[in-house]
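# Topology and contacts: notes
As a plain string of letters, each chain reads:
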Amino acid sequence: MPLETDILIIGCGISGAAAAYRLATNTSREVTIITRHQEPEESNTRYAQGGIVTLGEGDSEEALIKDIRTAGAGLGLPEAASILAKDGPRLVKHILVKTLEIPFDCNHEGKFLYTREGGHTLPRILHVGDTTGKAIEQALISKLRKLPNVRFLTGYTAVDLITSPHHIRNPLAVYQPISCHGAYVLERKSGNISRFFGKATILATGGLGRIYSHTTNPEGARGDGLAMAYRAGARVVNTEYIQFHPTTLAVPGAENFLISEAVRGEGAKLLSPDGRHFMEEVAPKWGDLAPRDVVARAIHHEMLTHGYPYVLLDLSGIMLPEHIQSRFPAIYTRCLELGIDIAREPIPVVPAAHYLCGGILVDEFGRSSINGLYAVGEVSCTGLHGANRLASTSLLEGLVWGYRAGEDISRRNDLKILKPSMVPPWEAAEAPFPDPVLVYQDRQAIQNLMWLYVGLSRNQERLSRALRDLNHLWETIEEFYRTTALNDDLIGLRNMAQAAWIVTLSAWHNKQSRGTHFREDATLQENPSAWNQGGIMGNWPPFREQS
Ligand code: SIN
């Protein structure tokens with residue numbers, strides 16, 4: 001049976017939830033949220049440790065905009081930074097502090113404690129220990145659960161967007177602009193695929209860190225939304241700009257676990273295994289709190305040059321052991337589980353894929369180039385991050401653009417629901433599900449090649465090889481997809497292959513190093529005027545000193 005709703009939201013991190021909140025509290029529209037996981041709280045947001053940016057003591061919108069644009073290496077859109085700096089602090093106050101009563105850390109006088117992270121000129125990040133995203137996500141979902149016009153459907157995976165003209169029975173639709181009317185959706189338990197129709201569809205599916213073998217992202221970050229929008233013909237931009245987080249826990253056999261930049265914000269230092277404070281040499285002005293691309297490449301450089309398997313993050317002397325435990329409870333506990341007492345010994349760390357700075361191009365209200373399709377959060381590209389994201393801006397971007405998308409949809413009367421008879425039901429293939437071993441192996445192949453060829457340091461030869469390998473994998477995966485019954489794993493694998501290809505192709509085209517996209521073979525040499533804007537890099541060494 002087809003499902004009809006006013007607004008279909010796919011994914012429910014902070015951006016999808018903020019859109020739902022705006023729509024469901026100020027209008028009577030019916031909002032349907034689908035999530036792959038059984039728990040709607042499971043999202044990238046849940047794992048955000050550092051915090052959420054606002055304006056700190058002695059801060060200003062102008063100072064925040066400047067820091068965002070400096071980190072973005074001259075590619076950030078000024079209008080987007082200005083929207084964030086103006087709307088963000090207001091929404092933090094009204095939604096997070098007043099309505100949801102998020103227990104941000106305060107001092108004994110009840111005043112907010114702000115922390116600092118890489119690229120920020122002053123402390124302005126609100127936090128709940130090191131589980132800020134979890135605190136926000138839980139509060140948002142529990143608020144949404146109480147609203148009568150919000151329906152959660154959990155355990156559902158979107159397969160493809162329903163777009164005109166692609167899925168429409170009217171052949172003359174080909175002369176109209178592309179528009180979105182919902183999605184084909186798999187119910188994971190039954191394996192049935194149905195048509196879900198909405199007047200507007202919001203993609204809030206998060207990022208794609210899982211296309212890499214080392215990532216801070218949870219299992220669902222496989223580029224689903226990006227790949228679906230790309231197939232539908234949406235404009236996708238800046239996808240070569242993948243941010244690598246400098247510090248994730250490096251313990252053999254254990255998954256990468258984020259070690260928040262806030263740890264360095266509180267004074268921890270990066271040291272080579274032989275005790276050198278290498279960030280002092282690389283970026284004397286910023287030291288350990290240089291923008292992430294600079295720190296991540298410096299670590300990578302240390303590891304490559306000296307053959308180190310990791311570098312060390314040393315917290316000794318920054319605070320009392322009991323304070324470390326209360327300020328960073330999740331990091332403390334996870335490290336201890338793996339035999340590292342961070343109050344007494346340094347943490348072995350390596351960089352890992354963390355955040356997609358580009359994505360589906362959207363405007364100031366989250367509108368994509370496809371009519372009726374919105375994208376918010378990491379899957380979108382508002383232009384805010386340019387070539388590199390300033391730490392802890394993503395939760396705020398999700399809150400601001402989610403809210404603005406909800407506001408925009410609530411004002412629109414032009415969006416209509418499509419008659420189900422206009423769109424054919426899904427044609428399911430007869431063959432049984434694909435062999436999980438084959439799916440596993442293809443996933444590993446994508447992750448390994450992305451890490452080695454399209455990682456922190458890129459060149460033409462590696463990127464060309466990656467494109468060849470991905471094209472070959474794509475053929476095999478498409479064959480599965482066309483001929484076997486679909487399950488969540490196969491849908492994810494296909495999206496991963498497509499997302500990996502999108503990232504690689506844009507990295508291959510862009511021969512200029514900038515921000516997170518570092519080309520060892522950059523054809524554009526150092527350009528002084530660009531350096532003044534934030535920096536276009538030349539060749540080795542791969543560091544960008546801030547002016
Ligand atoms: C961190 O805590 O270091 C991650 C925060 C972010 O990516 O903005």
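Keep in mind that what you see is a predicted model, and the values were worked out from it rather than measured.

The rules behind the values
- Residues numbered from 1 in each chain as written.
- Predicted model: local features only at pLDDT ≥ 70, side-chain atom pairs only at ≥ 80, totals over all residues.
- Heavy atoms only, no water.
- Buried < 20%, exposed > 50% of the residue type's maximum accessible area, 1.4 Å probe, protein only.
- Helix = DSSP H or I, 4+ residues; strand = E, 2+ residues; numbered from the N terminus.
- Pairing = 2+ DSSP bridges.
- pLDDT = per-residue confidence, 0-100.
- Contact = heavy atoms within 4.5 Å.
- Phe/Tyr/Trp six-rings, centres within 6.5 Å; stacked < 30°, edge-to-face > 60°.
- Lys NZ or Arg CZ within 6 Å of the ring centre and 35° of its normal.
- Near = heavy atom within 4 Å.
- Polar contact = N/O pair within 3.5 Å; in protein donor to acceptor, adjacent residues only side chain to side chain.
- Nonpolar A, V, L, I, M, F, W, Y, C, P; charged D, E, K, R; others polar.
- Axes fitted to C-alpha atoms, helices over the stretch in contact; angles between N-to-C directions.
- Salt bridge = Lys/Arg side-chain N within 4 Å of Asp/Glu carboxyl O.
- Expected span 1.5 Å × (residues − 1).

Side chains Val311 and Leu313 of strand E12 (residues 311-314) all project onto a buried face; the interleaved residues Leu312 and Asp314 project onto the opposite face, where all are buried too. Across three bridges, the pairing between strand E11 (residues 269-271) and E12 is antiparallel. Counted as the bridge partner of Leu271 is Leu312 from E12. Both E12 and strand E13 (residues 347-356) contribute to a ladder of three bridges, which runs antiparallel. Along E13, the bridge assignment pairs Leu312 with Pro348.

A few words now on the confidence of the model for the chain. Looking at the chain, pLDDT values average 93 and 96% of them are 70 or higher. Per-residue pLDDT stays below 50 along residues 525-547; that stretch engages in 69 contacts with residues further than four places along the chain or on separate chains.

By the definition in use, this model includes eight aromatic pairs. An aromatic cluster is defined as three or more aromatic residues linked by ring pairs; in this entry it consists of Phe104, Phe112 and Tyr114. Positioned above the aromatic ring of Phe152, the side-chain terminus of Arg145 is 5.3 Å from the ring centre. One Lys or Arg, Arg494, reaches over the ring of Tyr481 and ends 3.6 Å from the middle of that ring.

Glancing now at the site of the ligand. Surveying the vicinity of the ligand reveals the residues Gln49, Gly50, Glu117, His245, Leu258, Ser260, Glu261, Arg292, His354, Arg389, Ala391 and Ser392. Between the ligand and the protein, one listed contact pairs an oxygen atom with a backbone N or O atom of Gly50 at 2.9 Å. His245 is positioned such that a nitrogen or oxygen atom in its side chain is 2.7 Å from an oxygen atom of the ligand. Class assignment for the residues of the shell around the ligand results in two nonpolar, six polar and four charged.

Here the focus is the sheet that holds strand E16 (residues 380-381). Ordered in space as E9-E14-E16, the three strands form an open sheet in which the pairing is mixed. Single-partner strands in this sheet number two, and they are strand E9 (236-237) and E16. Note: strand E14 (residues 359-361) against E16, two bridges, orientation parallel. For Ile360, the partnering residue across the bridge sits in E16 and is Ser380. Along the sheet, helix H5 (residues 224-232) makes contact with E9 and E14, crossing E14 at roughly 45°.

So, about the pattern of salt bridges. Within this structure, the stated rule accounts for 37 salt bridges. Put simply, Asp67 and Arg124 hold a salt bridge, and the shortest N to O gap is 2.9 Å. Here Arg124 lies in the loop between helix H3 (78-99) and strand E4 (125-126) and Asp67 lies in helix H2 (residues 61-71), a separation of 57 residues in the sequence. A relative accessible area of 5% means that Asp67 is categorised as buried. Note that Arg494 and Asp160 form a salt bridge whose closest N and O atoms lie 3.8 Å from each other.

Below, the discussion takes up helix H13 (residues 460-483). With 24 residues, H13 extends 35 Å from end C-alpha to end C-alpha; this agrees with the ideal 34 Å at 1.5 Å per step. Within H13, the full set of buried residues consists of Leu463, Ala466, Leu467, Leu470, Leu473, Ile477, Glu478, Phe480 and Tyr481. Tucked inside the fold, the buried residues of H13 contact strand E6 (156-164), helix H12 (436-453) and helix H14 (488-509). Two or three places before Glu461, at the opening of H13, Asn459 has a side-chain oxygen 3.2 Å from that residue's backbone nitrogen.

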